[in-house]
Protein chains: 2
Amino acid sequence: MFFKLRTVTSLFVLSLSVLASPIAGRGHSHYDGLTLTARADGTKVAVVACMDPRINVNFLLQELKLSASTSYIIRNAGGRAKEALRSVMVSQKFLGTSEVYVVHHTDCGMANNSEEGMRKAFYTKDDPVRTFMVNEMEFLPIRTTNYTESVLDDIALVTYHPLLNNAKVSGFIYNIGTDGKDSVQQV
Amino acid sequence: MFFKLRTVTSLFVLSLSVLASPIAGRGHSHYDGLTLTARADGTKVAVVACMDPRINVNFLLQELKLSASTSYIIRNAGGRAKEALRSVMVSQKFLGTSEVYVVHHTDCGMANNSEEGMRKAFYTKDDPVRTFMVNEMEFLPIRTTNYTESVLDDIALVTYHPLLNNAKVSGFIYNIGTDGKDSVQQV
């Protein structure tokens, strides 16, 4: 099938601008302090979380009332939904997940950083190939230490991304506690 | 810093061709049936695995002789190293991982598929934006059900990728067993 590139480009830019726009004022229903609802009912859930070893996954699932056998746990640096997009799509299309949980955590190594900051860290002087490749990459840092903001960013992406199904999306902050006294808080 | 785009492009294509070339005949030392070595010695390891809930992560770590507290577990659809690149880079640069373990598993939903097959599955007739976006994506399926091949593909990527440190890379196949009798085999 062929179609006009210009139309496609316009629509694509439009969809990107939807993704990039702030979520305030769009009737967002996730930040309403809902209490946790038991999900160990067979509902399949895609869980996006960070690779940090301090996240106790069994504890997390217990706090989220999720069953290990129905949870597709996707983990990457920062627990960023953008990189998890492909996996969430696959989980929705082929595995029947109908909800998405986004989990960021306190004291995250990816927090308080910028794309430019990350690029500088990986840049090597006088290595043009490396410079080119690093500039092509997205490092997806968390720009703040206000994890509510980063979770809401990722909820917005999952909720409004044109390639994802219309699903219930919930966000959480995993608090890395002292002496293993972690806790999980809904955003 | 500025440099000639043509030079950069050539070098980039060269590096891509290195990545794309078969690993046979390049003195690859991973497929030598090494026995597992205890890694619960404080060595930090990035583990790339699939999001499939049938993977018992505690069992996997036990079989790999890894400690949960020193393992950065990255999970995505298929356990593909290409998508894990950013996370492995971050784990090497900021977190001190010095080894990478790639784990694929039997009966993987991403196996025996192609990029074109995946695109067809997500393509929607008469939706040009969706078609454009799906065509821009990489779905990273496993092209075979010979998981030794897919693990070796990912070992090659991690071993030779210009942006990753020179690290020991090990590959494994997690066998999803009946009645929970799973096993893990080194590639």
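Rules used in this analysis
Residues numbered from 1 in each chain as written. Chains lettered and ligands numbered in written order. Predicted model: local features only at pLDDT ≥ 70, side-chain atom pairs only at ≥ 80, totals over all residues. Heavy atoms only, no water. Axes fitted to C-alpha atoms, helices over the stretch in contact; angles between N-to-C directions. Helix = DSSP H or I, 4+ residues; strand = E, 2+ residues; numbered from the N terminus. Parallel < 35°, antiparallel > 145°, perpendicular 65-115°, else oblique. Left-handed = near helix turned anticlockwise from the far one by under 90°. Contact = heavy atoms within 4.5 Å. Nonpolar A, V, L, I, M, F, W, Y, C, P; charged D, E, K, R; others polar. 1 Å grid on protein atoms, 1.4 Å probe; cavity = no way out; pocket = protein on both sides within 12 Å on 5 of 7 lines; lining within 4 Å. Points joined across faces, edges and corners; volume = space filled by probe spheres on them. Buried < 20%, exposed > 50% of the residue type's maximum accessible area, 1.4 Å probe, protein only. Pairing = 2+ DSSP bridges. Right-handed = clockwise from strand over helix to strand, strands pointing away. Arc of directions from axis to C-beta. Least-squares fit on C-alpha atoms with pLDDT ≥ 70 in both.

## What to know about the packing of helix 3 (residues 81-95) of chain A against helix 3 (residues 81-94) of chain B
Inference 1: It is the contact of helix 3 of chain A with helix 3 of chain B, at a shortest axis distance of 11 Å, that shows an interaxial angle of 155 degrees. Here helix 3 of chain A lies roughly antiparallel to helix 3 of chain B, going by the angle between them. Between helix 3 of chain A and helix 3 of chain B the crossing geometry is left-handed. Where helix 3 of chain A abuts helix 3 of chain B, its residues E83, R86 and S87 of chain A lie against E83, R86 and S87 of chain B.
Inference 2: When grouped by side-chain class, the residues that make up the contact of helix 3 of chain A with helix 3 of chain B number no nonpolar, 2 polar and 4 charged.

## Things to note about empty space enclosed by the protein
Over the atoms rolls a probe the size of a water molecule, and its path tells where empty space is left.
Inference 1: One pass over the structure, following the stated rule, counts 2 cavities of 30 Å³ or more.
Inference 2: The computed volume of the second largest cavity comes to approximately 40 Å³.
Inference 3: Lining the second largest cavity are I74, R75, N76, E83 and A84 of chain A together with I74, R75, N76 and E83 of chain B.
Inference 4: Those elements giving two or more residues to the lining of the second largest cavity turn out to be strand 2 (71-76) and helix 3 of chain A together with strand 2 (71-76) of chain B.
Inference 5: Along the lines of polarity and charge, the residues of the lining of the second largest cavity split into 3 nonpolar, 2 polar and 4 charged.

## So, the pairing of strand 2 of chain A
Residue and element names in this part refer to chain A.
Inference 1: With 6 of 6 residues buried, strand 2 is to be regarded as a mostly interior element.
Inference 2: Pairing between strand 1 (residues 44-50) and strand 2: 6 bridges, direction parallel. The residue of strand 2 that forms the bridge with A49 is R75.
Inference 3: Each parallel crossover has a hand, and the one from strand 1 via helix 2 (residues 57-63) to strand 2 is right-handed.

## Describing helix 4 (residues 115-122) of chain B
Inference 1: Where helix 4 of chain B is concerned, the buried positions are M118, R119 and F122 of chain B. The arc that holds every buried residue of helix 4 of chain B, seen down its axis, measures 100 degrees, which confines them to one face.
Inference 2: Close packing links the buried residues of helix 4 of chain B with helix 3 of chain A together with helix 5 (128-136) of chain B.

## Digging into the relation of the copies chain B and chain A
Inference 1: Its rotation angle being 180 degrees, the transformation that places chain B on chain A also includes 0.0 Å of axial translation and leaves an RMSD of 0.0 Å. The operation mapping one copy onto its partner corresponds to a two-fold rotation axis. Every residue of chain B has its C-alpha some distance from the rotation axis, and the shortest such distance is that of R75 of chain B, at 2.4 Å.
Inference 2: Mapped onto chain A, 100% of the interface residues of chain B are again interface residues, and the two copies thus contact each other with one and the same surface.

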